[in-house]
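# Summary of structural features
Here is what each chain is made of, one letter per residue.
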Amino acid sequence: MSRTASCTIDLAAEGKSSGYIQIGDSTNTSGWANHCVPIISIKNGAGPRLLLLAGNHGDEYEGQIVATELSRRLQASEIRGQVIIIPCLSQEASQNGNRLWNNGANFNRIFPGNEDGTINEKLAFFLSNNLFPTCDVIVDMHSGGRSMAFIPSSNMVWVSDLALRKVMLANMLAWNTEYHMIGGEQPSTNPYSLLPGDVVRQGKSLSTGEFGGCGWTTAETVKIIRDGLHDFMRALGILNGEYKTRTERGLPEAKILDFREGDAYVTAPCDGIYENCVDLEDEVKAGDLVGQLHDFNHPDRKPIPVYAGRAGVISVVRGYPPVKTGDVVCTIGILRKNIAEFEAAGN
Ligand SMILES: [Zn+2]
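Because the structure is a prediction, the values reported are computed rather than measured. (Residues numbered from 1 in each chain as written. Predicted model: local features only at pLDDT ≥ 70, side-chain atom pairs only at ≥ 80, totals over all residues.)

### Quick notes on the overall build of the protein chain
Test applied: Strands are runs of DSSP state E lasting at least 2 residues, helices are runs of H or I lasting at least 4, and numbering of each runs from the N terminus. Once C-beta atoms are placed from the backbone, each residue is buried if 20 or more other C-beta atoms lie within 10 Å of its own, exposed if 12 or fewer, and partly exposed for counts between those two.
Of regular secondary structure, the protein chain possesses 7 helices and 19 strands. With respect to the principal axes defined by its C-alpha atoms, the protein chain has extents near 65 × 55 × 35 Å. When each of the 347 residues of the protein chain is scored for burial, the buried share is 44%.

### A closer look at the sheet that holds strand β13 (residues 272-276)
The strands that make up a sheet pair up through hydrogen bonds in the backbone, lying either parallel or antiparallel. How we decide: Should DSSP find at least two bridges between two strands, the strands are regarded as paired.
An order of β16-β15-β13-β18 is seen for the 4 strands of this open sheet, with the pairing classed as antiparallel. A strand with exactly one partner marks an edge of an open sheet, and here the two such strands are β16 (304-307) and β18 (322-323). In this sheet, strand β15 (residues 289-294) lies alongside β13 in antiparallel orientation, the contact comprising 4 bridges. Looking across to β15, one finds that I273 is bridged to H294.

### Some thoughts on the nonpolar core
Note the threshold: We define a nonpolar core as a collection of buried residues of the types Ala, Val, Leu, Ile, Met, Phe, Trp, Tyr and Cys that are connected via C-beta atoms lying within 7 Å of each other. Here, residues touch in the contact sense if the C-beta positions derived from the backbone fall within 7 Å of one another.
In terms of nonpolar packing, the biggest core is built from 90 residues, with L50, L52, L53, L123 and I138 touching the most fellow members. By residue number, the principal contributor to this core is helix α3 (residues 119-131), which donates 7 residues. Once you skip the residues sitting within four places of it in the chain, L52 turns out to touch A67, V83, I84, I85 and V139.

### Overview of the pairing of strand β11 (residues 255-259)
Most of β11 sits out of view: 4 of its 5 residues are buried. Sheet topology note: the β11/strand β19 (residues 328-336) ladder contains 3 bridges and is antiparallel. When the sheet's bridge partners are listed, L257 is paired in β19 with L335.

### Focus: the domain arrangement of the protein chain
We count it as follows: Residue ranges assigned to each domain were obtained from an automatic or database domain assignment. In the scheme used here, Gly and all other residues not listed as nonpolar or charged are polar, with Ala, Val, Leu, Ile, Met, Phe, Trp, Tyr, Cys and Pro taken as nonpolar and Asp, Glu, Lys and Arg as charged.
You can read the domains of the protein chain as domain 1 (5-252) and domain 2 (265-332). For domain 1 versus domain 2, the separation of C-alpha centres amounts to 31 Å. Facing the 11 residues of domain 1 at the interface are 8 residues of domain 2. Per element, the largest residue contribution to the side of domain 1 that touches domain 2 is 3 residues, and it comes from strand β7 (residues 148-150). Here the side of domain 1 that touches domain 2 is composed, by residue class, of 6 nonpolar, 4 polar and 1 charged.

### Structural notes on α3
Rules: One fewer than the residue count of a helix, multiplied by 1.5 Å, yields its expected span.
Its 13 residues give α3 an end-to-end C-alpha distance of 17 Å, which sits within 8% of 18 Å, the value for a rise of 1.5 Å per residue. The buried count for α3 comes to 11 of 13 residues, which makes it a mostly enclosed element. Along α3, the residues that are buried comprise I119, N120, E121, K122, L123, A124, F125, F126, L127, S128 and L131. Tucked into the core, α3 has its buried residues touching β1 (5-7), β2 (15-25), β3 (33-44), β4 (49-54) and α5 (195-201).

### Re the environment of E14
As for its position among the elements, E14 is in the loop between β1 and β2. Taking the C-alpha atoms as reference points, E14 and Q82, 68 residues apart in sequence, are found 8.8 Å from one another. Every residue in contact with E14, bar those within four places of it in the chain, is listed here: K43 and N44.

### Notes on helix α1 (residues 61-73)
Its 13 residues place the ends of α1 18 Å apart at the C-alpha level, agreeing with the 18 Å of an ideal helix rising 1.5 Å per residue. Within α1, burial applies to Y61, E62, G63, Q64, V66, A67, L70 and S71. Among the structural elements, β3, β4, β5 (81-86), α2 (91-96), β6 (137-142) and α6 (219-235) are those in contact with the buried residues of α1.

### What to know about the packing of α1 against α6
Going by this rule: Only the contacting stretch of a helix is used when fitting its axis, a line to C-alpha atoms as for every element, and angles between N-to-C directions run 0 to 180 degrees. Here is the rule for angles: anything less than 35 degrees is roughly parallel, anything more than 145 is roughly antiparallel, 65 through 115 is roughly perpendicular, and the remaining ranges are oblique. Two helices cross in a left-handed way if the nearer one is turned anticlockwise from the farther one by less than a right angle. They cross in a right-handed way if the turn is clockwise.
One can describe the packing of α1 onto α6 by two numbers: an axis separation of 9 Å at closest approach and a directional angle of 55 degrees. One element, α1, and the other, α6, form an angle in the oblique class. The chirality of how α1 crosses α6 is right-handed. When α1 is examined against α6, the residues E62, G63, I65 and V66 are found in contact with a partner set consisting of T221, V222, I225, R226 and L229.

Here it is in structure tokens:
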């Protein structure tokens, strides 16, 4: 248990309460300071305990908006069990419009944290040691941030643990979004250093999603994440109201975008200013032009073309145009009509 962070509210108490995760700090202007992260608890008797997280990355605002809205509106009488909400994990990054904390930390690469480390490391340690072990389900809501835009969807990593995969699959589908994305683990990255990876390491039920991006929000993306979250909470039996699947609503099955192969990711061959030549949901063939890189210091030079490495559906496009060599500029998912087709194509 953390000795350098604590919660100002009693998470075992019934009803609704709000307070802070308080992390000890000492700064130039305040020798005895506390870094305060808002936390809200809504509890109504026995039932599952859901931890709802947003703002893991600061410039991903869709989840922060919906988590904040839910923390204001949700009443204990509307639920069974408990919902604990942290609407914004990376507050300074959110306020600055940045993905990362001011000290350069990517909050999603520092787990399981360090109780004697930086503020962000202390917060990660508190989550990993004080909160995750006490919760049944953890939701971590993302989007593309400033640099990318995703087709808004709940998604998952195709983990090798079959029991956990089954739970994560059910969680992903429960959001009822039109698309879902399923990928492998990120290359050259310790999977357990990510918040969702730490949740999985602890054998807890996890759900994540990428609900838009580009560092802004739209009416459509906020509606998708809001409706999806309500459906997810109903499917868990936490939120009052009948849960209906897409099929029960007369909607087509959700489309699955398969990202398990490395050629799903298209990278910049050189530095430049990137122009998207395709949009989200466009279908491309291998060799199609997906973008081009400009050099505005030399307008006489032709832009450098960027081509699709495989056929599929454009699932992520670039948001922030200045790119460095090797930056991902778009991704191409292979469309599977449903989970059965996805599994049949498996490896
Ligand atoms: Zn993120």
